[in-house]
Every structure is written in C-alpha cells, then in structure tokens.
Amino acid sequence: MTAIVDYGVGNLFSLKSSLDALGEKVNVTGDPDGIRAAERIILPGVGAFGDAAEKLRETGLDAVIISEAKRGKPLMGICLGMQLLFDESEEYGLHRGLGLIKGRVVPMKGVVPEELAIPQIGWNALIFPADRDKSPIFRYIREGDHVYFVHSYYATDCDESLIAATEYGAMLTAAVGDGNVFGCQFHPEKSGAAGLAILRAFCEL
C-alpha cells in the first residue's frame, strides 16, 4: 500500500487516479499512523516552498517522513514534493527543507535563456547520466521518453543523486535518487504511459 501525504498542498486526485489505474492500494492521508503503516510514501506538492515546508512542520509530518525514509521506506517526492527533499530553497527567501537529499533549490531565471518562458510548462525528454546505472524507478522507460513539467525553480548541487536531467536551454535536474529516496521534478501522474511506468516501478520497490 502506498500513502500519498495530504498536507493541504497539491492536486491529489490525479495522482491517486494514476495509482488506482495501476491496481495499487492507496491511502491519501495526513495521519502519521497511516503514513507509518504504508509500504511506501509519495510526497506531492504545488505552490511555494516556504508555505509547504511550514505546513509539514506545523502538522509534524516532516518528522514522520524523515523518520520513515531513514528506516528505509521508499519515498518519492513529486514537483514541489521533490524540492522539499533538499536541504534548502531560495524561493521567496531562504527556507529549510527536509534534508533527505543533498542540494538546494534555486530560480531558473538567469540560468535558462531569456527567450524561454518561465515557468517551464510542457513535455521534455529525460536524459540519463552516462556514468551510472539507470535508476530502478526508470526500469520500464527509455532515455528520451517525454514527461510533463511545470516549474520555475530547479535543484542544483546534487550531482551525486542525479538520476535524470532535461534540457530547457540549459541542463536542469529532472529526477534524483539516493538509496530509497527519490524525487521527480516532473509530474508522472500527468505524463501518460511513461509516467505510469515510473509510478509502477516505484510501487514495486
């Protein structure tokens, strides 16, 4: 069973629907005991980093997520949920993250060419690092498969955990993985067959 963390940030319906389509048992919950009882955890999120991080701390769910991840339970952060896995973000000030993945979240502005729109909204190809094995969450997809992004900030200083990049006028972090902790900057639940394949692989961990 997979727990989707409900902390008031994110469109949970499409993510639950994708997991339902895979036949995965899902518990959308903000209850610590429900999260602890799950076999794996997905942390979604849309909006501002600081607000989301504060909601996690106010509810005590930050400590639950960190504890379960450190026990070895598979954890996937999606979009803002991925960014929350990092040490800190520079979005509207400096905000502390969960510290489960080394690195920080910074603006795309000044990194991608001025003629490209920010936020990046649309489909982009995944590029796998040539110097390491393919991540287990990508076992059912190929390099070059397209996934759906919506973001204005991206993760950097995370070369050790990089499992996929994407090119948007510059090479940007698309996904990270460190042991049992994974993050996707894109939305697998909105990425068609490739996204479902990624969620399927995660649910098999």
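For the structure, check the block above.
What you are looking at is a predicted structure, and each value in this text was computed from that prediction instead of being measured.

## What to know about the overall build of the protein
- From N to C terminus, the protein includes six helices and 13 strands.
- Whereas a compact globule of 205 residues would reach a radius of gyration of roughly 17 Å, the protein reaches 16 Å, a difference of no more than 12%.
- The C-alpha extent of the protein, read off along each of the three principal axes, is 45 × 40 × 30 Å.
- Relative to its 205 residues, the protein shows a buried fraction of 54%.
- In the protein, the proportion of contacts linking residues at least 24 apart, taken out of those at least 6 apart, comes to 70%.

## Describing the sheet that holds strand β5 (residues 86-89)
- The sheet built from four strands is open, its strands ordered β6-β5-β7-β10 with mixed pairing. Edge strands, defined here as strands with exactly one partner in the open sheet, are β6 (95-96) and β10 (153-156).

## Digging into the packing of aromatic side chains
- For the structure shown, the criterion picks out four aromatic pairs.
- Relative to Phe 138, the ring of Phe 128 lies with its centre 5.1 Å away and its plane at 20°, an arrangement referred to as stacked. Residue Phe 128 is located in the loop between β8 (120-125) and β9 (146-151), and its partner Phe 138 is located in the loop between β8 and β9; the two are separated by 10 residues in the primary sequence. Note on accessibility: Phe 128 and Phe 138 belong to one class, buried.
- A centroid spacing of 5.7 Å and a plane angle of 70° characterise the contact between Phe 149 and Phe 186, whose relative ring orientation is edge-to-face. Taken together, the positions of Phe 149 in strand β9 and Phe 186 in the loop between β13 (181-184) and α6 (192-203) put the pair 37 residues apart, joining distant regions of the chain.

## Considerations on helix α1 (residues 12-21)
- Residues of α1 that are buried: Leu 12, Ser 14, Leu 15, Ser 18 and Leu 19.
- On its buried face, α1 is in contact with β1 (2-5), β2 (26-29), β3 (40-43), β4 (75-78) and α6.
- Trailing α1 by a residue or two, Gly 23 shows a phi angle of about 80°, which is positive.

## Observations regarding the pairing of β2
- In this sheet, β2 lies alongside β1 in parallel orientation, the contact comprising four bridges. Bridged to Val 5 within β2 is Thr 29.
- The handedness of the β1 to β2 crossover, carried by α1, is right-handed.

## Considering the environment of Tyr 7
- Inspection of the secondary structure assignment puts Tyr 7 in the loop between β1 and α1.
- For the pair Tyr 7 and Ser 18, spaced 11 residues apart in the sequence, the C-alpha separation amounts to 19 Å.
- Engagement of the side chain of Tyr 7 in a polar contact is seen with the backbone oxygen of Pro 44, the distance being 2.7 Å.

## Things to note about the sheet that holds β2
- If you trace the seven strands from one edge of the open sheet to the other, you get β2-β1-β3-β4-β13-β12-β11, paired in mixed fashion. Unpaired on one side and paired on the other, β2 and β11 (162-167) mark the two borders of the sheet. Taken pair by pair, the neighbouring strands of this sheet meet at an average axis angle of 20°, ignoring direction.
- With four bridges connecting them, β4 and β13 associate as parallel partners. Along β13, the bridge assignment pairs Met 76 with Phe 182.
- Running at roughly 170° to β1, α1 makes contact with β1, β2, β3 and β4 of the sheet.

Thresholds applied
Residues numbered from 1 in each chain as written. Predicted model: local features only at pLDDT ≥ 70, side-chain atom pairs only at ≥ 80, totals over all residues. Heavy atoms only, no water. Helix = DSSP H or I, 4+ residues; strand = E, 2+ residues; numbered from the N terminus. Rg over C-alpha atoms; globule rule 2.2 N^0.38 Å. Buried < 20%, exposed > 50% of the residue type's maximum accessible area, 1.4 Å probe, protein only. Contact = heavy atoms within 4.5 Å. Pairing = 2+ DSSP bridges. Phe/Tyr/Trp six-rings, centres within 6.5 Å; stacked < 30°, edge-to-face > 60°. Right-handed = clockwise from strand over helix to strand, strands pointing away. Polar contact = N/O pair within 3.5 Å; in protein donor to acceptor, adjacent residues only side chain to side chain. Axes fitted to C-alpha atoms, helices over the stretch in contact; angles between N-to-C directions.

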